[in-house]
Amino acid sequence: MDVVVEPGIGWMELNEYLAPYGLFFPLDPGPGATIGGMCGTRCSGSLAVRYGTMRDNVINLKAVLADGEVVKTASRARKSAAGYDLTRLMIGSEGTLGVITEVTLRLQKIPEHSIVAMCNFPTIKDAADVAIAAMLSGIQVSRVELLDEVQVKAINLANGKDLPEFPTLMFELIGTEAYTREQTHIVQKIASEHNGSDFVFAEDKEAKKELWKIRKEALYACLAMAPNCEAMTTDVCVPLSHLAELISKSKQELDASPLLCTVIAHAGDGNFHTVILFNPEDEGQRKEAERLNNFMVHAALSMEGTCTGEHGVGTGKLKYLEKELGTANLRTMRKIKAALDPNGIMNPGKLIPPHVCL
Ligand SMILES: Cc1cc2nc3c(=O)[nH]c(=O)nc-3n(C[C@H](O)[C@H](O)[C@H](O)COP(=O)(O)OP(=O)(O)OC[C@H]3O[C@@H](n4cnc5c(N)ncnc54)[C@H](O)[C@@H]3O)c2cc1C
């Protein structure tokens, strides 16, 4: 139930390798992402609602520090109370503390059976309310993905599909065949209590694979819909109880904007993305995209959320960290950085705002 890999392997290649063993690694970020980058960003994806993020799925790792020291962060045991948790210090550090060279990953058994259930709603708030109610019902969903009507339209255009162009939820339910059916009925009941309609299921292996593929490639569908545009993707995350409020507030702002915007959410985690399409040569459009992004980040922060649920800080989100985390937090990060990388050679300029002093 674990595997040792080097950081350059992609999660998709790894899962191809693992499939004959009946196992898989349950983190599914961008199609080309590698384990090293996934550790760097503390990534997640559609399955995090069931299996946790990269933080929960790395048992130990090996890293080369700035002074050349090679450190192994933990043993192969599933849990340990031995000292500081250096594994989790490195996960999400965006290459600012060392270079990860080997990773031991926790694996999962491929579920015996799964059902993909899809349902449409008159408003995006209804869809968000159902995602929250499904989580509160205690059923063990493995995916709860939300798409707005613009995103569904983009998917239809890019893939020659005819999905109803309404706010849509996609659930994945896993377990034994009987258990997945029982869960599907519970989800259907919850959806119908919130104006859900067109409840459809997929059980055929190829049909399910295709649905998740088109969901995973949603960003490319947006770019195909607006070929001369660039996409600015926001990535905020709030406590689940605030998700419907955040999505409704954001959707109002997006619909009022002259830019083409879509909504995609890992709704079961309260993680919400918008794809804002803008012409990079038009300064006004770029500014409008930045304004929308800013609006959503501040809305999320006002709801005890975060400026990045999974994509990371890089340099673009440095400006939000002080408001989210406070100065004492950032000073502590700066002290850790100074202790491990005193000459600032590991991804300088990333993750810690430059004005934070020791
Ligand atoms: C279509 C699409 C869908 C996406 N969906 C999701 C999603 O659902 N969930 C999600 O979390 N993300 C998603 N992403 C974002 C992206 O896939 C993730 O951020 C992913 O973790 C990046 O992996 P990468 O290999 O491309 O890393 P890179 O972008 O190459 O690197 C990421 C960071 O890690 C550092 N790093 C890389 N390798 C190492 C190493 N060996 N040691 C130390 N640091 C290292 C880099 O310096 C950088 O700071 C999506 C992206 C796209 C394009």
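Our subject in this report is the structure included herewith. These numbers come from a predicted model, not from an experiment.

## So, the overall build of the protein
Summing up its helical and strand segments, the protein has 14 helices and 14 strands in all. Relative to the 2.2 N^0.38 estimate, which gives 21 Å for 358 residues, the radius of gyration of the protein is 21 Å and therefore close to what a compact globule would have. Principal-axis analysis of the C-alpha atoms gives the protein an extent of 60 × 55 × 35 Å. With 358 residues in all, the protein has 49% of them scored as buried. Long-range pairs, those at least 24 residues apart, make up 72% of the contacts in the protein between residues at least 6 apart in sequence.

## Remarks on the site of the ligand
The ligand sits among 28 residues. The nearest are G30, T34, T41, I100 and E310. Take T34: an N or O atom from its side chain is 2.7 Å from an oxygen atom of the ligand. Contacts to the ligand include N347, whose side-chain N or O atom sits 2.9 Å from an oxygen atom. Computed on the free molecule, the ligand has an accessible area of 980 Å², of which 72% lies beneath the protein chains in the complex. Counting only elements with at least two residues in the shell around the ligand, the list comes to helix 2 (35-41), strand 5 (98-106) and helix 10 (218-225).

## Notes on the packing of helix 13 (residues 318-325) against helix 14 (residues 327-340)
The packing of two helices is summarised by the inter-axis angle and the distance between the axes. Across the interface, helix 13 lies against helix 14 with an axial gap of 7 Å and an inter-helix angle of 120 degrees. In terms of axis orientation, helix 13 runs oblique to helix 14. Seen from helix 13, the contacting residues are L321, E322 and L325; seen from helix 14, they are T327, N329, L330 and M333. Its residues assigned to classes, the contact of helix 13 with helix 14 comprises four nonpolar, two polar and one charged.

## Things to note about the nonpolar core
Of all hydrophobic cores here, the largest spans 54 residues; its most connected members are L146, L169, F171, L246, I247, F272 and I276. When sequence neighbours within four positions are dropped, the list of residues in contact with F171 reads I115, V116, A117, V130, A134, V141, R143, V144, V187 and W212. Counting 25 residues, the second-largest nonpolar core is a separate cluster that includes F25, C43, V58 and L65.

## Digging into the layout of surface pockets
A volume near 1,200 Å³ is recorded for the largest pocket. Going through the elements one at a time, helix 1 (11-18), strand 2 (23-24), strand 7 (113-120), strand 8 (141-147), strand 9 (168-175) and helix 9 (205-216) are the ones with two or more residues in the lining of the largest pocket. The biggest single contributor to the lining of the largest pocket is helix 9, with eight residues. Partitioning the lining of the largest pocket into residue classes produces 15 nonpolar, six polar and 14 charged. Residue-level mapping places the lining of the largest pocket at the junction of two domains, with at least three residues from each of domain 1 (2-109) and domain 2 (113-302). Taken as a whole, the second largest pocket holds about 930 Å³ of empty space. In terms of lining, the second largest pocket is formed by 37 residues, of which the most central are R42, R55, G92, T306 and T308. Those elements giving two or more residues to the lining of the second largest pocket turn out to be helix 5 (86-90), helix 13 and helix 14. Per-element tally for the lining of the second largest pocket: the top contributor is helix 14, with five residues.

## Some remarks on the environment of M90
As for its placement among the helices and strands, M90 is situated in helix 5. Spatially, the C-alpha atom of M90 lies 15 Å from that of G314, the residues being 224 residues apart in sequence.

## Notes on the pairing of strand 13 (residues 260-266)
With six of seven residues buried, strand 13 lies mostly within the body of the structure. Examined bridge by bridge, strand 8 and strand 13 share three bridges and lie antiparallel to one another. Each bridged residue has a counterpart across the sheet, and for L147 the counterpart in strand 13 is I264. Alignment of strand 13 against strand 14 (residues 271-278), held across seven bridges, turns out to be antiparallel. The partner of C261 across the bridge, within strand 14, is I276.

Criteria and thresholds
Every chain is numbered independently, its residues counted from 1 as its sequence is written. In view of the model being predicted, local features appear only for residues whose pLDDT reaches at least 70, and side-chain atom pairs are presented and counted only at 80 or more, with totals across whole chains, interfaces and linings using the full set of residues. To get the side-chain values, take all heavy atoms of the structure and skip hydrogens and water. Secondary structure is summarised from DSSP: a helix means a run of H or I of at least four residues, a strand means a run of E of at least two, and numbering begins at the N terminus for each. What the globule rule says is 2.2 Å times the number of residues to the power 0.38, and the radius of gyration is computed from C-alpha atoms. Burial status follows relative accessibility: with a 1.4 Å probe on protein chains alone, a residue under 20% of its type maximum counts as buried, one over 50% as exposed, and anything between as partly exposed. Residues count as neighbours in contact if any of their non-hydrogen atoms are within 4.5 Å of one another. Nearness is defined per residue: one heavy atom within 4 Å of the molecule or strand is enough. The definition of a polar contact used here is a pair of N or O atoms within 3.5 Å, where within protein one atom must be able to donate a hydrogen and the other to accept one, and adjacent residues in sequence count solely through side-chain atom pairs. Accessibility throughout is a Shrake-Rupley quantity obtained with a 1.4 Å probe, and a residue counts as covered only by protein chains that appear here. In this description, a line fitted to the C-alpha atoms serves as the axis of each element, helices being fitted only across the stretch in contact, and the angle between N-to-C directions of two axes falls anywhere from 0 to 180 degrees. Here the angle decides the label: under 35 degrees means roughly parallel, over 145 means roughly antiparallel, 65 to 115 means roughly perpendicular, and every other value means oblique. Under the convention adopted here, Pro, Cys and the residues Ala, Val, Leu, Ile, Met, Phe, Trp and Tyr are nonpolar, Asp, Glu, Lys and Arg are charged, and Gly plus all remaining residues are polar. By nonpolar core is meant a set of buried Ala, Val, Leu, Ile, Met, Phe, Trp, Tyr and Cys residues that side-chain atoms within 4.5 Å join together. Buriedness for pockets is judged along seven lines, at least five of which must meet protein on both sides within 12 Å for an open set on the 1 Å grid over protein atoms alone, while cavities are sets there where a 1.4 Å probe fits but cannot get out, and lining residues have an atom within 4 Å of a point. Grid points are joined across faces, edges and corners, and a volume is the space filled by probe spheres set on the points. Each domain's extent was defined by an automatic or database domain assignment. At least two bridges found by DSSP between two strands are what make those strands a pair.

Honestly, that's just the spatial picture; any functional story needs more than this.
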